[in-house]
Amino acid sequence: MAKPADTRTAGRKAVAKATRSTAETEKIRAALAARRDELRAEYDQTLSEITELQRERLTDSAGDDQADTGTKTLEREQEISLANSILERITQVERALERLDEGGYGWCERCGNPIPVERLAAFPSATQCVTCKQLEERR
Ligand SMILES: [Zn+2]
């Protein structure tokens, strides 16, 4: 087996437009896909909980006064907004996957360096590296 070229010593200090290896891109893709599946499962779970809760509320509505009805409506709204926020995160991850295919994903928008795979896996919508993010928060 041929010894792979040592790319680690070359260009630790990334020049203007750094490149990401295919392996790294695949790692990001896998992390994003896993996150998307996770969120979808969470979303399905939330939806079936909402359906279940709504059924309980409807069967248990005999003798409700206006206050009860109001509370139930509020609860339902909160559940739906939770479901929507999960859906929004799914959309973010899907958009990230599209941008990854186009090669425009995972680069810091401030300094242009690649954002570490671990950070992208944890925050798929991250558009800055940790250093730049911290600089911005300090302002
Ligand atoms: Zn940066």
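Read on for a plain summary of the structure. The model shown is predicted, which means the values in this text are computed figures rather than measured ones. (Residues numbered from 1 in each chain as written. Predicted model: local features only at pLDDT ≥ 70, side-chain atom pairs only at ≥ 80, totals over all residues. Heavy atoms only, no water.)

Moving on to the packing of helix 1 (residues 22-59) against helix 2 (residues 66-102). For the pair helix 1 and helix 2, interaxial distance at closest approach is 9 Å and the crossing angle is 165 degrees. For the element pair helix 1 / helix 2, the angle class is roughly antiparallel. For helix 1 against helix 2, the interelement crossing comes out left-handed. Residues belonging to the contact of helix 1 with helix 2 are distributed by class as follows: 17 nonpolar, 3 polar and 13 charged. (Axes fitted to C-alpha atoms, helices over the stretch in contact; angles between N-to-C directions. Helix = DSSP H or I, 4+ residues; strand = E, 2+ residues; numbered from the N terminus. Parallel < 35°, antiparallel > 145°, perpendicular 65-115°, else oblique. Left-handed = near helix turned anticlockwise from the far one by under 90°. Nonpolar A, V, L, I, M, F, W, Y, C, P; charged D, E, K, R; others polar.)

Tracing the sequence through the fold places Arg119 in helix 3 (residues 117-122). Although Arg119 is buried, it makes no salt bridge; Glu137 carries the closest opposite charge, 7.0 Å away. Polar side-chain contacts of Arg119 include one of 2.9 Å to the backbone oxygen of Gln128. Among residues more than four places away in sequence, those in contact with Arg119 are Ala126, Gln128, Cys129, Val130 and Lys133. (Buried < 20%, exposed > 50% of the residue type's maximum accessible area, 1.4 Å probe, protein only. Lys, Arg positive; Asp, Glu negative; His and termini not counted. Salt bridge = Lys/Arg side-chain N within 4 Å of Asp/Glu carboxyl O. Polar contact = N/O pair within 3.5 Å; in protein donor to acceptor, adjacent residues only side chain to side chain. Contact = heavy atoms within 4.5 Å.)

A few words now on the coordination of the zinc ion. At this site the zinc ion is bound by Cys108 (SG), Cys111 (SG), Cys129 (SG) and Cys132 (SG), with donor distances of 2.3 Å. Coordination at the zinc ion is tetrahedral, judged from the 4 donor atoms that bind it and the angles of 104 to 117 degrees they form at the metal. In terms of primary sequence, the donors binding the zinc ion are separated according to C-x2-C-x17-C-x2-C. Taken as a pair, Cys111 in the loop between helix 2 and helix 3 and Cys132 in helix 4 (residues 130-138) lie far apart in primary sequence, 21 residues in all. With relative accessibility at 37%, the residue Cys111 sits in the partly exposed group. You can call Cys132 buried: its relative accessible area is 7%. (Donors = N, O, S within 2.8 Å, 3.2 Å for Na, K, Ca; no water. Tetrahedral: all angles 85-135°; square planar, octahedral: opposite > 155°, others 65-115°.)

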